[in-house]
Amino acid sequence: MRDLAAGMGYLAKGQRWVARHGRWWAFGMIPALITLAGYVVALFLLGGWAGDIAAWATPFADSWSSLSQGLLRTTLAALVFVGGLLLSVLTFTAVTLLVGQPFYEALCARVDETEGGAPAPPEVPLWRELVVAARDSLFVLVRAGGFGVLLFAAGFLPVVGQTVVPVLGFAVSGFFLSLELTSVGLQRRGVAQRERLRLLRGRLGLALGFGVPLALGFLIPLVTVIAMPGAVAGATLLARDLVPVEETRPPAEDGDEPRDAAAVPELPEYEVRRPVAGNPYAAAARPVEPNPYRSA
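Residues numbered from 1 in each chain as written. Predicted model: local features only at pLDDT ≥ 70, side-chain atom pairs only at ≥ 80, totals over all residues. Heavy atoms only, no water.

K.L.:
Sorry if this is basic, but what is going on with a nonpolar patch on the surface here?
P.N.:
A surface patch of nonpolar side chains, about 590 Å² in accessible area, is lined by Trp25, Leu216, Leu219, Ile220, Leu222, Val223 and Ile226. With three residues, the top contributor of residues to the nonpolar patch is helix 9 (residues 221-242). Residue classification places Trp25 among the partly exposed residues on the basis of a relative accessible area of 31%. (Patch = residues over 30% accessible without salt bridge, like charges linked within 9 Å, V, L, I, M, F, W, Y side chains within 5 Å. Areas by Shrake-Rupley, 256 points an atom, 1.4 Å probe, with all protein chains shown as cover. Salt bridge = Lys/Arg side-chain N within 4 Å of Asp/Glu carboxyl O. Helix = DSSP H or I, 4+ residues; strand = E, 2+ residues; numbered from the N terminus. Buried < 20%, exposed > 50% of the residue type's maximum accessible area, 1.4 Å probe, protein only.)

K.L.:
Before we go on, may I ask you to explain the confidence of the model for the chain in this structure?
P.N.:
If pLDDT is low for a region, its predicted coordinates should not be looked at in detail. Confidence along the chain averages 76 in pLDDT terms, with 75% of residues attaining 70 or more. Long-range and interchain partners of residues 247-276, a stretch whose pLDDT sits below 50, account for 11 contacts in this model, where long-range means more than four residues apart. Below a pLDDT of 50 lies the segment residues 281-286, which in the model reaches five contacts outside its immediate sequence neighbourhood of four places, other chains included. (pLDDT = per-residue confidence, 0-100. Contact = heavy atoms within 4.5 Å.)

K.L.:
How should I be thinking about the packing of helix 4 (residues 101-115) against helix 6 (residues 160-188) in this particular structure?
P.N.:
Viewed as axis vectors pointing N to C, helix 4 and helix 6 meet at an angle of 65°, and their least axial separation amounts to 10 Å. Crossing of helix 4 against helix 6: the hand is right-handed. Together, Tyr104, Glu105, Cys108, Ala109 and Asp112 of helix 4 and Val184, Gly185 and Arg188 of helix 6 make up the contact between the two elements. Taken together, the residues that form the contact of helix 4 with helix 6 break down as four nonpolar, one polar and three charged. (Axes fitted to C-alpha atoms, helices over the stretch in contact; angles between N-to-C directions. Left-handed = near helix turned anticlockwise from the far one by under 90°. Nonpolar A, V, L, I, M, F, W, Y, C, P; charged D, E, K, R; others polar.)

This is the structure in structure tokens:
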């Protein structure tokens, strides 16, 4: 329960951060708006074709009575649409992050700068970042799709399909949302995709506390657009605590202490120089004369 509350706390902190930085909030909404427009069109088309898909998938019911046939195909059409809706929730963040990679990279970097302890920026070209982001998104989509198929099949089970499966569906959606959103901040810290998955599995309550409220909120299109920048900011704050970056001091200059004593090369030792006997400039050979300018 403590991890669940902590996950929701990170989500709230992210929303507060973008509320204090309004320009970045507007900046972060641009990719979400573009992606949302595409998904709305896709779901609208799916809703119109769901009945045809159900009829195509159940040719054996053509000879059934109108009541039985209608009940079966209406239920199947509803399941097809709900499955598409669940898939859109699972994939929306991945597609938005892919579309908005430069936007969210800049937002994540800004959060790190304002909070302190920012990691060194990755020295890779933009095209390389996009390739890595696409590969990581595919990694998540394959796994999320596998769970989606299993949950879709389990939806036909009586009672369980109408009670347990929706709960599991939102839990799965929340976990993969957390995985996707933290990918920007963790990638900046050099954490590979499989290691990110292991990190969040080890803190499952934290991942669910952060992602499940988003999965529920993202069912409302307007909430998706409004909350996305804050979700990225909150995920960055979460990534900062999962993989903290130590503050590093600038390179030592002349006269400064070295940062790491073990890294300082050994210097040759020289014997201590002593004044030569009879040297008039040696301290022992120079008499101390009174200062005529010093007041008595």
